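For reference, the chains in residue letters:
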Amino acid sequence: MTRKAVRTQRQEQLTRDQRPAHRPAPSWAVMSTLVASTAFLHHVRPVTRGARIASFFWNQSMVRNDGERTLLFDLDTAIQRVTADAPDRPAAVPLTGVYHNLLRRWADL
């Protein structure tokens, strides 16, 4: 058996072994993800038919203060826009330095 035939046989075997053992979700199933700050107030509606399957997790930001995180996000968005609009101009370099300096100042490591 040639190397190519052996490689093809292994790939086919891997493909068969990696098939999911479960059935896929039905076409009517709705899946969504919500990622929000803990300051985000929300209301969860009761399930009227079927079942709700949910998973919860929490993560922690390196920057504790919400206002500081918002400023970093806005600055990063502006840097990306400047870079996209004028990729040849070095205007984003000092802004990137400011972003990283603020991140170092505000981060809780």
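Residues numbered from 1 in each chain as written. Predicted model: local features only at pLDDT ≥ 70, side-chain atom pairs only at ≥ 80, totals over all residues. Heavy atoms only, no water.

Our next topic: the overall build of the chain. Tallying secondary structure elements over the chain gives three helices and zero strands in all. Each helix and strand of the chain, ordered N terminal to C terminal, gives the series α-α-α. Split into buried and exposed, the 109 residues of the chain put 7% on the buried side. A separation threshold of at least 6 residues defines the contact pool for the chain, and within that pool the share at least 24 residues apart is 50%. Total accessible area computed for the chain in this model is approximately 10900 Å², and 56% of it derives from carbon and sulfur atoms. (Helix = DSSP H or I, 4+ residues; strand = E, 2+ residues; numbered from the N terminus. Buried < 20%, exposed > 50% of the residue type's maximum accessible area, 1.4 Å probe, protein only. Contact = heavy atoms within 4.5 Å. Areas by Shrake-Rupley, 256 points an atom, 1.4 Å probe, with all protein chains shown as cover.)

Further remarks concern the pattern of salt bridges. Inspection of the entire model under this criterion finds two salt bridges. Its salt-bridge partner being Arg-64, residue Asp-108 comes within 3.0 Å of it at the nearest N-O pair. Of the two residues, Asp-108 is situated in the segment after α3 (92-106) and Arg-64 in the loop between α1 (3-17) and α2 (66-85); the sequence distance between them amounts to 44 residues. Here Asp-66 ties to Arg-69 by a salt bridge, and the two come within 3.1 Å at their closest N and O atoms. Within this pair, Asp-66 and its partner Arg-69 are both found in helix α2, separated by three residues, close to a single helical turn. What makes Asp-66 partly exposed here is its relative accessible area of 42%. (Salt bridge = Lys/Arg side-chain N within 4 Å of Asp/Glu carboxyl O.)

On to the confidence of the model for the chain, then. Taken residue by residue, the chain gives an average pLDDT of 80. The fraction at 70 or more is 73%. Within the chain, the lowest mean pLDDT, 61, falls on α1, and the highest, 94, falls on α3. (pLDDT = per-residue confidence, 0-100.)

Moving on: the packing of α2 against α3. Two elements in contact, α2 and α3, have axes whose closest approach is 10 Å; the angle formed by their N-to-C orientations is 160°. With respect to α3, the axis of α2 lies roughly antiparallel. You can see that α2 and α3 cross each other, and the crossing is left-handed. Of the residues in α3, those touching α2 at Glu-68, Leu-71, Leu-72, Leu-75, Asp-76, Ile-79, Val-82 and Thr-83 are Ala-92, Leu-95, Thr-96, Val-98, Tyr-99, Leu-102, Leu-103 and Trp-106. When its residues are assigned to classes, the contact of α2 with α3 shows twelve nonpolar, two polar and two charged. (Axes fitted to C-alpha atoms, helices over the stretch in contact; angles between N-to-C directions. Parallel < 35°, antiparallel > 145°, perpendicular 65-115°, else oblique. Left-handed = near helix turned anticlockwise from the far one by under 90°. Nonpolar A, V, L, I, M, F, W, Y, C, P; charged D, E, K, R; others polar.)

With 20 residues, α2 extends 29 Å between its outermost C-alpha atoms, agreeing within 8% with the 28 Å of an ideal straight helix rising 1.5 Å per residue. Those residues of α2 lying buried are Leu-72, Leu-75 and Ile-79. On an axial view of α2, the arc spanned by its buried residues comes to 65°, and they lie on one face. Of the residues in α2, the exposed ones pointing more than 90 degrees away from the buried face are Phe-73, Gln-80, Arg-81, Ala-84 and Asp-85. Looking at the buried positions of α2, the neighbouring elements they touch are α3. Measuring from the backbone nitrogen of Gly-67 back to the side-chain oxygen at the start of α2 gives 2.7 Å, which picks out Asn-65 as the cap. (Expected span 1.5 Å × (residues − 1). Arc of directions from axis to C-beta. Polar contact = N/O pair within 3.5 Å; in protein donor to acceptor, adjacent residues only side chain to side chain.)

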